[in-house]
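One-letter residues, chain by chain:
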Amino acid sequence: MKTNNNRTTTARKILLGVSLAALASTANAAELVISNWDGYMAPDAMDAFKAATGNTGEVVKHATNEEIMGKLVASGGKGYDVVFVSSPFAEVLNKLGLAETIDASKVPNLANLYPEAAALAYDPGNTFSVPYTWGTTGLCFRSDLVKAEPASWNDLLKPADDIKGKTTMLATDRWLLAAGQLADGFSVNEVDPAKMEQVKNTLIEAKKTLLAYDDTTFYSKLVSGEAVMVQAWDGWCNYGITDNKDIKYVIPKEGSDLWVDTMVVMKASENKDAALQFINFMLDTKNHAWAAENILYKVPNKAAMDSLPAELSTTYPNMAMPVAELTKFEVLRDVGDSQKEYSRIVSEIKAAQ
Amino acid sequence: MNTSRSTFLMAPALAWLIGLMVVPCGLVLALAFFQRGTYGGVDYTFTLENFARVFDPLYAGIFLNSARIAGIAALIAVVIGYSAAYAIASCRRSLQPVLLFFAVLPFWSNYLIRTYAWIVLLNREGLVTQFMRWFGYTGEPPSMLYTEGAVIAGLVYNYLPFVILTCYAPLSRMNPELAEASRDLGGSAFTTFRRIILPLTLPGIAAGAVFVFVLSIGNFVTPALLGGGRFQMIGNLVYDQFLTANDWPFGAALSMALIAIMMLLLLVQAYASDRASTRTAPVREDG
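Residues numbered from 1 in each chain as written. Chains lettered and ligands numbered in written order. Predicted model: local features only at pLDDT ≥ 70, side-chain atom pairs only at ≥ 80, totals over all residues.

Chemist: Looking at this structure, how should I read the overall build of chain B?
Modeler: Looking only at helices and strands, one finds 12 helices and 2 strands in chain B. Ordering the α and β elements of chain B from the N terminus gives α-β-β-α-α-α-α-α-α-α-α-α-α-α. Each principal axis of the C-alpha atoms in chain B carries an extent, and together these give about 75 × 70 × 35 Å. Within the span of chain B, comprising 287 residues, buried residues form 33% of the whole. (Helix = DSSP H or I, 4+ residues; strand = E, 2+ residues; numbered from the N terminus. Buried ≥ 20, exposed ≤ 12 C-beta atoms within 10 Å, placed from the backbone.)

Here it is as C-alpha cells:
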C-alpha cells in the first residue's frame, strides 16, 4: 500500500515541479489508508477531506468485519490508519493492543454525538472507537404477502405454514445467533453452554423452514416476492422499502441487538494526527448526515440527525426511532474465548440437514 | 533428447510449479500444525489438534455429505455426458468437431456468470416459473433454487464438458469392426454395448467421473450461490475457516485432508487407466 503511495507522490512531485514550494506549508500532509465497507462513505469524501485538511487518503474496501480483522491481526495493524469495524471487533482490536487511544481534544466534532453514544457498554467515553452508524436488527417483511404481521422472533424461526420456505436469515455468526438468543430469551452475548445448545437447536429447527441464508440480497428477494419475511439490519430493509412501499420493518417484542459500526485508529498508524482529523471530518454535521441520507442507517450524531429532511423519517420509520429507545437494546460485545464456540455452533447449524 | 536441453525446456514449467504450487501448499501444510490465536492469527505452538478435529463427527459428516453430493453429480454427469459423447461419435465425421465445439462452448464464459444464470432460471419468480405460467400453470411456484437438487444441477452443468470430452476420445477411436464382429456373432445391440463398447471406453468414463467428483467435492461457489448457504460442503467449510472464523490452522488442516482425498482418487484413476490400456492393447493388436 505504502509503496504505491510513494510512487504516486513521486510522480506528483515531478509534475507539480515549481508549485511544490507553494505546498511547503502542507509538507507534513499525510496519506491515509482507510478501510471501509463498499459504499459506506460518500464517494467524494476523500476529495472533500483533502480540500478541508490538506491530507490525502486512499479508501480500501472490505466485505466483512472478519475479512479486515484477518488482515489486521496478521499484519499487526500495519498498513492501515483508520478502519471501520462493528463494535465487538473494535473491542477485539483494543484487547489486542492494535487500537490507538482517541485523543478527544483533537476531535472537537465529538461534541456533535448524542450523550448516549459516548456511554456505549463496549467503550464508555469513546476511548478507542468512535461510533459511525448504529441501529437494530429485526424483521423486514412484505405486509401484502403475509397473513399476520410478525411480532416475535418466533414468527421467523417457527413460521406459519403459508410462509415456510419464504424466509431468510443473516449468515454472519453474531446476527444469526442473535435471532435464536433473543427468541429463547437470552442475551445476545450469551455464552453459557447449555443455553447456547438450546439456541443451536432452535436455529437448526428454523433452518428447515428457510429459503436461504442471505446477508446481501435479502431485500431484493422481498421485492421480487421470492421471500416474504427476512431477518434484516434496519438500513438494508430501507433499500427494500425504497422499491416497494408494502415492505415494512418491525423490531420483534423480544428486542434487537444494538449494533454499532465504529471508526478505529490503528496504533501502528504513522499518521495519527491526520487519522484523528479524518474522524473529526466524518463527524462533521454535513458529512455524517450523508451517511444517514444515503446508507439509511441512523447515525449517532445529533446535529446530523437534526439536519435531515423530515420526509426521510416518514418514508423510513427506523430513522425516527428515539435514541433512548435504541440504546435500551443490548450492544453486541466481544465474547472472547467463546467466539470459538460460536463458530462451532454456526458450523453445526450450517452442516445440519 | 539430451538432458541439458530438456532441463532448459522444463525449467519455466518447473519453476512455476514449485513457486506457485509446491511452496504455497507446503506453507498451508505447515500452518496446519500450529494453534489459532483467540482472535485469529496463528499461535506458533506445535499441535496435532487440527488434524484430530478433521475427524470430529461434525466435520467428518460434512466431508461425507460433500462426497455424497459430488458422487451424485459425477454419476449424473457420466450418464448424460456418455450419452452425448456416444451421440456425437455416431455422427458424420465432419459434424463431430462442430458438436464438440458447442459442448465445450460454456467453458468460455465465466463460472460465476454461468452459475448466476441458474439463479435467474430457478428462483421462485424466475424463467422456469414464468414459462410454466405461460402454459397456464397457476398454482404455487415450486421451490427449485436453494435446494440440494439445484446444487447438483449446477455442478453437473458446469463439469459436464469434461465427461463429454473424456468419453468422446475412446468412443471416436474405437474400431467399428469390433461392434460389427459382435453383431455378426449374434450379439444383440445391448450385449454389444455392454460387452464390447462399454469395457473399451471405461477408462474415459472413469477419467470423466473422477474429474467431476474431484472438482465438485472441493467446490464452494455453487453450494453458496445455488444452495443459499443451507448446504455446506467441505469447500464452504474451508472458506469459512479462512474468511469468517479466522481459524487458519484448522482451515489448512481441512484443505490438506481435501487435497489428500483428491490426490488419492487421481492416483487410483491413473493406475486403473494405465492397467486398462496395457490390458486392452494386445487384444486390439491380435484383432
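From this point on, the discussion continues.
Chemist: Can you walk me through the overall build of chain A in this structure?
Modeler: Helix and strand counts for chain A come out as 15 helices and 10 strands. A compact globule built from 353 residues would reach a C-alpha radius of gyration of about 20 Å, and chain A, at 22 Å, matches this within 12%. Counting only C-alpha atoms and orienting by the principal axes, one finds that chain A spans roughly 75 × 45 × 35 Å. The buried share of chain A, reckoned over its 353 residues, is 49%. Taking the intrachain contacts of chain A between residues at least 6 apart in sequence as the baseline, contacts between residues at least 24 apart amount to 74%. (Rg over C-alpha atoms; globule rule 2.2 N^0.38 Å. Contact = placed C-beta atoms within 7 Å.)

Chemist: What exactly am I supposed to notice about the domain arrangement of chain A here?
Modeler: By a widespread convention, an interface's size corresponds to the accessible area lost as its parts come together. Residue and element names in this part refer to chain A. Looking at chain A, the domain boundaries give domain 1 (2–134 + 258–319) and domain 2 (135–257 + 332–351). In this structure, domain 1 and domain 2 have C-alpha centres spaced 29 Å apart. The partner domain 2 presents 14 residues to the 20 residues of domain 1 that form the contact. Counting only elements with at least two residues in the side of domain 1 that touches domain 2, the list comes to α4 (87–95), β4 (130–142) and β9 (257–265). When residues in the side of domain 1 that touches domain 2 are grouped by element, the largest group, 5 residues, is from α4. By residue class, the composition of the side of domain 1 that touches domain 2 is 12 nonpolar, 5 polar and 3 charged. (Domains from an automatic or database assignment. Nonpolar A, V, L, I, M, F, W, Y, C, P; charged D, E, K, R; others polar.)

Chemist: Got a minute to help me understand the packing of helix α6 (residues 173–183) of chain A against helix α7 (residues 193–207) of chain A in this structure?
Modeler: Residue and element names in this part refer to chain A. Axis separation between α6 and α7 bottoms out at 9 Å; the angle between their running directions is 110 degrees. Classified by the interaxial angle, the pair formed by α6 and α7 is roughly perpendicular. From α6, Leu 176, Leu 177, Gly 180, Gln 181 and Ala 183 reach across to α7, where they touch Val 199, Thr 202 and Leu 203. Looking at the contact of α6 with α7 residue by residue, the classes come out as 5 nonpolar, 3 polar and no charged. (Axes fitted to C-alpha atoms, helices over the stretch in contact; angles between N-to-C directions. Parallel < 35°, antiparallel > 145°, perpendicular 65-115°, else oblique.)

Chemist: For this particular structure, what's the right way to read the interface of chain A and chain B?
Modeler: Opposite the 27 residues of chain A that make contact, chain B presents 22 residues. Put simply, the parts of the chain that give the side of chain A that touches chain B at least two residues each are α3 (65–75), β6 (212–213) and α15 (338–351) of chain A. Sorting elements by how many residues they give to the side of chain A that touches chain B places α3(A) first, with 6 residues. In terms of residue class, the side of chain A that touches chain B is built from 11 nonpolar, 7 polar and 9 charged.

Chemist: Is there a simple way to explain helix α9 (residues 234–243) of chain A in this structure?
Modeler: Residues that lie three or four places apart on an α-helix share one face, since the helix turns once every 3.6 residues. Residues and elements named next belong to chain A. Taken across its 10 residues, α9 has 7 buried, putting it largely inside the fold. Taken together, the buried positions of α9 are occupied by Asp 234, Gly 235, Trp 236, Cys 237, Asn 238, Gly 240 and Ile 241. Here the buried face of α9 lies against β4, α8 (218–224), β7 (229–233), β8 (247–250), α11 (285–295) and α13 (310–315).

Chemist: Is there a simple way to explain unusual backbone geometry in this structure?
Modeler: What you tend to see is this: most non-glycine residues have negative phi, and most peptide bonds are trans. Positive phi values are uncommon outside glycine, yet Asn126(A) reaches one of about 50 degrees. Backbone geometry at Asn246(B) places phi at a positive 50 degrees, although glycine is not the residue there. Along the polypeptide, Asn246(B) turns up in the loop between α11 (234–243) and α12 (248–286).

Chemist: What is the right way to look at the nonpolar core in this model?
Modeler: Across soluble globular proteins, you tend to see nonpolar side chains buried next to one another. Counting 162 residues, the largest nonpolar core has Val82(A), Cys140(A), Val264(A), Phe278(A), Ile279(A) and Val212(B) as its most contacted members. The element contributing the most residues to this core is helix α7 (residues 148–173) of chain B, with 14 residues. Shared between two domains, this core takes at least three residues from each, and those domains are domain 1 (2–134 + 258–319) and domain 2 (135–257 + 332–351) of chain A. With residues near it in sequence (within four places) discarded, Ile279(A) still touches Val82(A), Val107(A), Val130(A) and Met263(A). (Core = buried A, V, L, I, M, F, W, Y, C linked by C-beta atoms within 7 Å.)

Chemist: Could you clarify how one ought to interpret helix α9 (residues 189–217) of chain B in this entry?
Modeler: The end-to-end C-alpha distance of α9(B), which contains 29 residues, comes to just 36 Å, noticeably less than the 42 Å that a straight helix rising 1.5 Å per residue would cover. The sharpest bend along α9(B) comes to roughly 50 degrees, located at Leu202(B), with the proline Pro203(B) sitting one to four residues further on. (Expected span 1.5 Å × (residues − 1). Bend = angle between axes of the 7 residues up to and from the residue.)

Chemist: I tried to follow the packing of α15(A) against helix α3 (residues 57–90) of chain B on my own but got confused; where do I start?
Modeler: When two helices pack together, their arrangement is given by the angle between their axes and by how far apart the axes lie. Direction vectors running N to C along α15(A) and α3(B) enclose 35 degrees, while the axes themselves pass 10 Å from each other. Of the two possible hands of crossing, α15(A) and α3(B) adopt the one that is left-handed. Where α15(A) abuts α3(B), its residues Ser347(A), Glu348(A) and Ala351(A) lie against Leu58(B), Gly61(B) and Ile62(B). When the residues that make up the contact of α15(A) with α3(B) are grouped by side-chain class, the tally is 3 nonpolar, 2 polar and 1 charged. (Left-handed = near helix turned anticlockwise from the far one by under 90°.)

Chemist: Would you mind going over the pairing of β4(A) with me for this structure?
Modeler: The side chains of a regular strand alternate between the sheet's two faces. Residues and elements named next belong to chain A. The element β4 is extensively covered by neighbouring structure, given that 13 of its 13 residues are classed as buried. Where β4 meets β9, 6 bridges bridge the pair, whose relative direction is antiparallel. Bridge pairing links Thr 133 to Asp 261 in β9. Across 5 bridges, the pairing between β4 and β7 is antiparallel. Considered in β7, the bridge of Phe 141 is made with Met 229. Strand direction decides the pairing type here: β4 and β8, joined by 4 bridges, are antiparallel. Bridging across to β8, Arg 142 finds its partner in Ile 247. (Pairing = 2+ DSSP bridges.)

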